[in-house]
Amino acid sequence: MRYVPIARRGDRTAALLALLLIVVLVAPAGPLRAQSDLEAQRAALRPEFRNSLPLADYPHYRIIATVNLDAAILHGQEQVLFRNPAAEPIHDLVFRLLPNARSIYGGGSMTVERVTLDTTEVAWTLSADGTTMTVPLDPPLAPGEEVEANITFGARIPTRSTGYSIFHHSAAITSLSGWFPVLAPYEGGWQAPAIPGVGDANHFAASLYDVTLTAPSTHALASTGVTLSTQAEGDATVWRLTSGPARGFAIALSDRFRVLEAEREGVTIRYHALPGSQTARAPEVALEIAADALAAYSRRFGPYPYTEFDVVETPVSIGGYEFAGMVFVEHSLRTVGSLSQLRFIVAHETAHQWWFAQVGSDPVGEPWLDESLATYSTAVYLEETLGLDAAAGMIAYFRGEGGAPGSGGPITSSALQFGSWATYRRPVYYQGAQFLVALRSAMGDDAFFSLLGQYLSTYRFRIARTADFLDLAEQVAGRELDDLYLAWFGVAEPGA
Ligand SMILES: [Zn+2]
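Rules and cut-offs
Residues numbered from 1 in each chain as written. Predicted model: local features only at pLDDT ≥ 70, side-chain atom pairs only at ≥ 80, totals over all residues. Heavy atoms only, no water. Buried < 20%, exposed > 50% of the residue type's maximum accessible area, 1.4 Å probe, protein only. Helix = DSSP H or I, 4+ residues; strand = E, 2+ residues; numbered from the N terminus. Arc of directions from axis to C-beta. Contact = heavy atoms within 4.5 Å. Pairing = 2+ DSSP bridges. Axes fitted to C-alpha atoms, helices over the stretch in contact; angles between N-to-C directions. Polar contact = N/O pair within 3.5 Å; in protein donor to acceptor, adjacent residues only side chain to side chain.

S.K.: Tell me what's going on with helix H12 (residues 482-489), and back it up with residues and numbers.
M.R.: Burial in H12 covers these residues: Leu-484, Tyr-485, Trp-488 and Phe-489. Axial view of H12: buried residues confined to an arc of 100°, hence all on one face. Buried residues along H12 sit in contact with helix H7 (368-385), helix H9 (421-443) and helix H11 (466-477). Note on H12: the residue one or two positions beyond its end, Gly-490, has a positive phi of about 85°.

Now the structure itself:
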């Protein structure tokens, strides 16, 4: 850890700050969690979720930010209200500054200019890699007590990503994930693992976001959550966006989107297409896959909680990437990829709305837990839309990619153990998916889908562990599944 002094603001940010001040005038102000704040959050939720969730328990963010696309920078202020969810006092707040990672989000940077706790300015420390900011709490935060942090921050958006281009600016589209300081999840301690070279690092507690974003009016926006209002400010548009409980808040901006819309299960599904070649597959095809997948998962697993779901074509370099209420899919999948690849990626990313956005898990320490469920879910989508033969073809694909149990490392491996996507995917995606095929055949269809439904309703907007899932499977099956676990995980009680 090294101490970083509070930075002086440069001249370039002075102009942005002036713009920020204008925005402050139109953005909501005052303490968070007023009744109007909670109403604004409910707007992002389907009716059955509006009054059934403990909204006051989630960390609550109010972010006011401006994006300068010419300079590929952003600047903002955030208010974060955090309640100690634990039975012990908490001695610091731990934020992730993800643009400072070399992998996944890498190529740009993030700086914090000022931190106050309940109006008192405080110093902070940064981890050696710059991705973890620790803000001491003195006195410590007692169980159930709340603290409000105010953070002024800036970020440089890379035009050449060293990661997956999920935090990235190009002429066609600006992708903003991990673009503000975000609290690590607190699960018996702050969970701030190293950012791996492969896999995923979106490890966030479900939180409420109220974002006021200023960006050029030439651009359209897709994001987590819903747009409550837009307002013209000279050459800029000011968007007010809210999320309901969401793991992170991602945004995409483009002046080239063609937007298609469908409605399923009371959810508005939008597909944001970028211009493609003459031979490209029509975006309507990709929209239909997303809509069919959302409907299939709603029927087999349980409801999708948000009013909107956005699928956005971007240059994301690994096929696709999931966020809460939104996913990115690689633009070239539609323009040059095969139909089966497009189906696999769109259905996989859509499944992460159940196994990531709703049921959280540790994507670094236990990546199999959401990845194998998202991978297996693609077979459920095919079963529901194209029939059992199509699903059998997908299951054969899992077998071909995954190989025999135990080959390629344990299913429960940490993402930090892998140096390449090929070696990572084999156990984490495909052997995990094969285990789920075996689990379904051992439990029978009714019990297996009852397990997935109970797993969803028990851990929705919480973070589950391997043992939570496997213990629940035994409970629902009404018997020990030690032999099956031993065969696939090499131990009878994985994660225990
Ligand atoms: Zn995935």
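S.K.: I'd love a proper account of the sheet that holds strand S11 (residues 174-176), names of residues and values included.
M.R.: Judged by pairing direction, the sheet is antiparallel, and its four strands sit side by side in the order S10-S11-S17-S14 without closing on themselves. Bordering the open sheet on either side are strand S10 (167-169) and strand S14 (220-223), each of which pairs with just one other strand. Within the sheet, the average angular offset between the axes of one strand and its neighbour, ignoring direction, is 15°. The sheet contact formed by S14 and strand S17 (residues 251-254) spans four bridges and is antiparallel. Across the sheet, residue Ala-222 finds its bridge partner in S17, namely Ala-252.

S.K.: How would you sum up the pairing of strand S15 (residues 226-233)? Please name residues and give values.
M.R.: Two faces belong to every sheet, and in a regular strand the side chains alternate between them. In this sheet, strand S16 (residues 236-242) lies alongside S15 in antiparallel orientation, the contact comprising seven bridges. Within S16, the position partnered with Glu-233 by the bridge is Ala-236.

S.K.: Give a description of the side chain of Gln-79 that names residues and reports values.
M.R.: Within the element layout of this structure, Gln-79 appears in strand S3 (residues 73-83). Looking at Gln-79, its side chain comes within polar contact range of the side chain of Glu-148, at 3.2 Å. Contacts of Gln-79, omitting those with residues within four sequence positions, involve Gly-30, Pro-31, Leu-32, His-60, Tyr-61, Arg-62, Glu-148, Ala-149 and Asn-150.

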